[in-house]
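Single-letter residue listing:
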Amino acid sequence: MNLYEPTPGQQVFGLHLPDYDELQGCIRCGRCLPVCPTYQQTQLEMFSPRGRLSLLRAVEDGKLALTDGVEDHLYHCLDCRACNTVCPPGVRIGELIVRGRVAIEDKHPRPFLIKFMLRHVLTGAERAALLSGPLRLVQALRLDRLAAAVLRHVPGPVGRRLGELIELAPHPGRPLARELAEVEPATGPQRHRVAFFLGCMMNVAMPDVSRATVRVLRRAGCDVLTPRGQACCGAPHDDQAMLDFSRDLARKNIALFEPLLDEVEAVVTDCAGCSGALKEYAEWLHDDPEWRERARRFSAKVRDVTEWLDAIWPEELTPVHRPATATYHDPCHLANLQNVRSQPRRLLGRVTGLEMHPLPDSHPVRCCGSAGIYNLTHTDMSRELLDRKMADVAATGAEVVVSANPGCLLQLEWGRRLTGQPIVVKHVVEVLDEGLNGQAQGDPRPRG
Ligand code: SF4
Ligand code: SF4
């Protein structure tokens, strides 16, 4: 790969980054290097936050041609935002890299299949659920395992990669979107009223986790209002440089939830990627005079479910787990982006029987390699990061690995299958739900 094609003094292509001035804010101190997962793996400047900013600046200044190498480096970023948390002048590195992807989209468009899936399938929980029927049939007939086994013996990297993709596919349950009543009343003493945002991935890949979320919210005294026709949060589209599309999805969700905002205390979701995106709507639509205030009002009400439950947990509720050691993996978009770190830990601290063993590198978080569709588009780097994460998990001695984002849970579950570690992988709300219902007393059973 020829990354540099220097063309001294000649303007090759102007990125026209709206935040060019912010690019100049990097003082090249290097604080972001040791926390960047791709730099940790490669020890190469071009795989670091500082290196990526230098690339963008060189292209914008006309000192570097816009080669495939530039695109490759921008998309090798996990968008984990660990770098943002340590940068002394506060350069919003992750956001600038996404802006850079948008700026190069004309010359280096994303692959057709990715765009097709994002435009036509991953547009909302109900549409995404169309995938789950065929997938469930294929998995019930075990055709997926057969295909993965055959592909593993095909020479070359393509067969291996396809086999891995098939192994990564979630085992979906019955989708939840059409099952939830518009109002699910509190089952404990009614104290709160919340709106529920159901993410596409939660509905397709982990509907039982979201069922647990609604049960726990109700037990904690919440009426749960779920409006029909929710759009995708837009995070995957934003990540893949489809900014216009992600903003349209944001407007749809704001318009849908707006009539409820006066009667609910919060808009709650159990997907950390979604809560991060919903909170960013205020920034996404800041330059749109018609939507700026509406987006600000909506984003101000958004709470990740761990954040919300921690704030309102009734003292009389005590979840009970069989005695077990556990560890918590922070989703990047919950910890690095939203600074929600202590809340899930406090919730898990309420569970009698669980003994928490911390993972290293939890501030800032080191990504597990899931990162939206990164584990599909950059499988090798993703696997390296997963291997490190699973080694860290093993070192804690934990039997239960808890997280709060569907991408992380699927990635960790994949790691469990690859390594054969004797662990179970769970969402925080599953641990709470099982603990409240006396279901976490027996031997751990792996998911899927
Ligand atoms: S967002 Fe994550 S992967 Fe990307 S440059 Fe920052 S630390 Fe590195
Ligand atoms: S921490 Fe910030 S200022 Fe320092 S090198 Fe990284 S991006 Fe530049």
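Predicted, not measured: the structure shown is a model, and the values here were computed from it. (Residues numbered from 1 in each chain as written. Chains lettered and ligands numbered in written order. Predicted model: local features only at pLDDT ≥ 70, side-chain atom pairs only at ≥ 80, totals over all residues.)

## Let's talk about the overall build of the protein
Going by this rule: Secondary structure is summarised from DSSP: a helix means a run of H or I of at least four residues, a strand means a run of E of at least two, and numbering begins at the N terminus for each. Burial is judged by counting other C-beta atoms within 10 Å of a residue's own C-beta: 20 or more means buried, 12 or fewer means exposed, and anything between counts as partly exposed, with every C-beta placed from the backbone. Note on contacts: residues are paired as contacts if their backbone-placed C-beta atoms lie within 7 Å.
Of the regular secondary structure elements, the protein holds 23 helices and nine strands. Looking at the 448 residues of the protein, the share that counts as buried comes to 46%. Long-range pairs, those at least 24 residues apart, make up 79% of the contacts in the protein with a sequence separation of at least 6.

## Considerations on the site of ligand 2
Applied cut-off: Near residues are defined by distance alone, with the backbone-placed C-beta atom required to lie within 6 Å of the molecule or strand.
Every one of the 15 residues lining ligand 2 counts as a neighbour, but Cys 26, Cys 29, Cys 32, Arg 50 and Cys 87 are closest to it. In terms of residues, the shell around ligand 2 owes the most to one element, helix α3 (residues 49–60), which gives three residues.

## Here's the deal with the nonpolar core
Operational definition: A set of buried residues qualifies as a nonpolar core if it consists of Ala, Val, Leu, Ile, Met, Phe, Trp, Tyr and Cys joined through C-beta atoms within 7 Å.
Counting 117 residues, the largest nonpolar core has Val 194, Val 268, Tyr 281, Ala 295 and Leu 348 as its most contacted members. Ranked by residue count, the leading element in this core is helix α15 (residues 272–284), at seven residues. With residues near it in sequence (within four places) discarded, Tyr 281 still touches Ala 250, Ile 254, Ala 295, Phe 298 and Ser 299.

## Topic: the site of ligand 1
Surveying the vicinity of ligand 1 reveals 14 residues, the closest of which are Cys 36, Pro 49, Cys 77, Cys 80 and Cys 83. Taken together, the elements giving at least two residues each to the shell around ligand 1 come down to α2 (37–42), α3 and α5 (93–104).

## Thoughts on the environment of Ala 371
One can find Ala 371 in the loop between β7 (352–356) and α20 (374–377). A count of 26 C-beta atoms within 10 Å places Ala 371 in the buried class. For the pair formed by Ala 371 and Ser 382, sequence separation is 11 residues and the distance between their alpha carbons is 8.6 Å. In this structure Ala 371 touches Leu 78, Asp 79 and Cys 80, once residues within four positions along its chain are discounted.

## Let's talk about unusual backbone geometry
In this model, Arg 28 sits at a positive phi of 60°, which is unusual for a non-glycine residue. Position of Arg 28 among the secondary structure elements: in the loop between α1 (20–23) and α2. Residue class for Arg 28 comes out exposed when judged on the 8 C-beta atoms lying within 10 Å of it.

## A word on the sheet that holds strand β3 (residues 222–225)
Rules: Two strands make a pair as long as DSSP finds a minimum of two bridges between them. The axes used here are C-alpha line fits, helices contributing only the stretch in contact, and every angle between their N-to-C directions lies in the interval 0 to 180 degrees.
What the five strands build is an open sheet, ordered β1-β3-β2-β4-β5; its pairing is mixed. Strand pairing shows two members of the sheet lacking a second neighbour, β1 (183–184) and β5 (302–304), which therefore form its edges. Strand direction decides the pairing type here: β1 and β3, joined by two bridges, are antiparallel. Each residue of the ladder has a partner; that of Glu 184, found in β3, is Val 224. Helix-sheet contacts for helix α17 (residues 305–312) involve β2 (192–196), β4 (266–269) and β5, and the interaxial angle to β5 is about 90°.

## Here we look at the sheet that holds strand β8 (residues 400–403)
Strand-to-strand pairing in sheets goes through backbone hydrogen bonds, with the strands running parallel or antiparallel. Read across the sheet, four strands follow the order β7-β6-β8-β9 without closing on themselves; strand pairing throughout is parallel. Of all the strands in the sheet, just β7 and β9 (424–427) have a single pairing partner and so form its edges. Going across the sheet, the axis of each strand differs from the next one's by a mean of 35°, ignoring polarity. Across four bridges, strand β6 (residues 320–328) lies against β7 in parallel orientation. In the strand pairing of β7, Ala 324 is matched with Leu 354.

## Things to note about the confidence of the model for the protein
Put simply, the rule is: The predictor reports its confidence for every residue as pLDDT, a score running from 0 up to 100.
Here the protein averages 86 in pLDDT, while 89% of its residues score no lower than 70. Every residue in residues 441–446 scores below 50 in pLDDT, and together they form eight contacts with partners more than four places removed in sequence or on other chains.

## So, α15
Going by this rule: Expected span of a helix: the number of residues minus one, times 1.5 Å. Bend at a residue means the angle formed by two fitted axes: the first through the 7 residues ending at that position, the second through the 7 residues beginning there.
End to end, α15 covers 18 Å across 13 residues, agreeing with the expected 18 Å (1.5 Å per residue, within 8%). Of all the bends in α15, the greatest measures close to 25° and is centred on Leu 278. The buried fraction of α15 is high, at 12 of 13 residues. When we look at burial in α15, the residues that qualify are Ala 272, Gly 273, Cys 274, Ser 275, Gly 276, Ala 277, Leu 278, Lys 279, Glu 280, Tyr 281, Ala 282 and Trp 284.

## Quick look at the packing of helix α19 (residues 342–349) against helix α23 (residues 428–436)
Under the convention used in this document: If an angle is under 35 degrees, it is roughly parallel; if it is over 145, roughly antiparallel; if it lies from 65 to 115, roughly perpendicular; otherwise it is oblique. Note: crossing handedness is left-handed where the near helix turns anticlockwise from the far helix by less than a right angle, and right-handed where it turns clockwise. Ten residues, namely Ala, Val, Leu, Ile, Met, Phe, Trp, Tyr, Cys and Pro, are considered nonpolar, four, namely Asp, Glu, Lys and Arg, are considered charged, and the remaining ones, Gly among them, are considered polar.
At a minimum axis distance of 10 Å, the contact between α19 and α23 shows a crossing angle of 20°. One finds that α19 runs roughly parallel with respect to α23. By crossing handedness, the relation of α19 to α23 is classed as left-handed. In this structure, α19 contributes Pro 344, Leu 347 and Leu 348 to the contact, and α23 contributes Val 428, Val 431 and Leu 432. Residue composition of the contact of α19 with α23, by class: six nonpolar, no polar and no charged.

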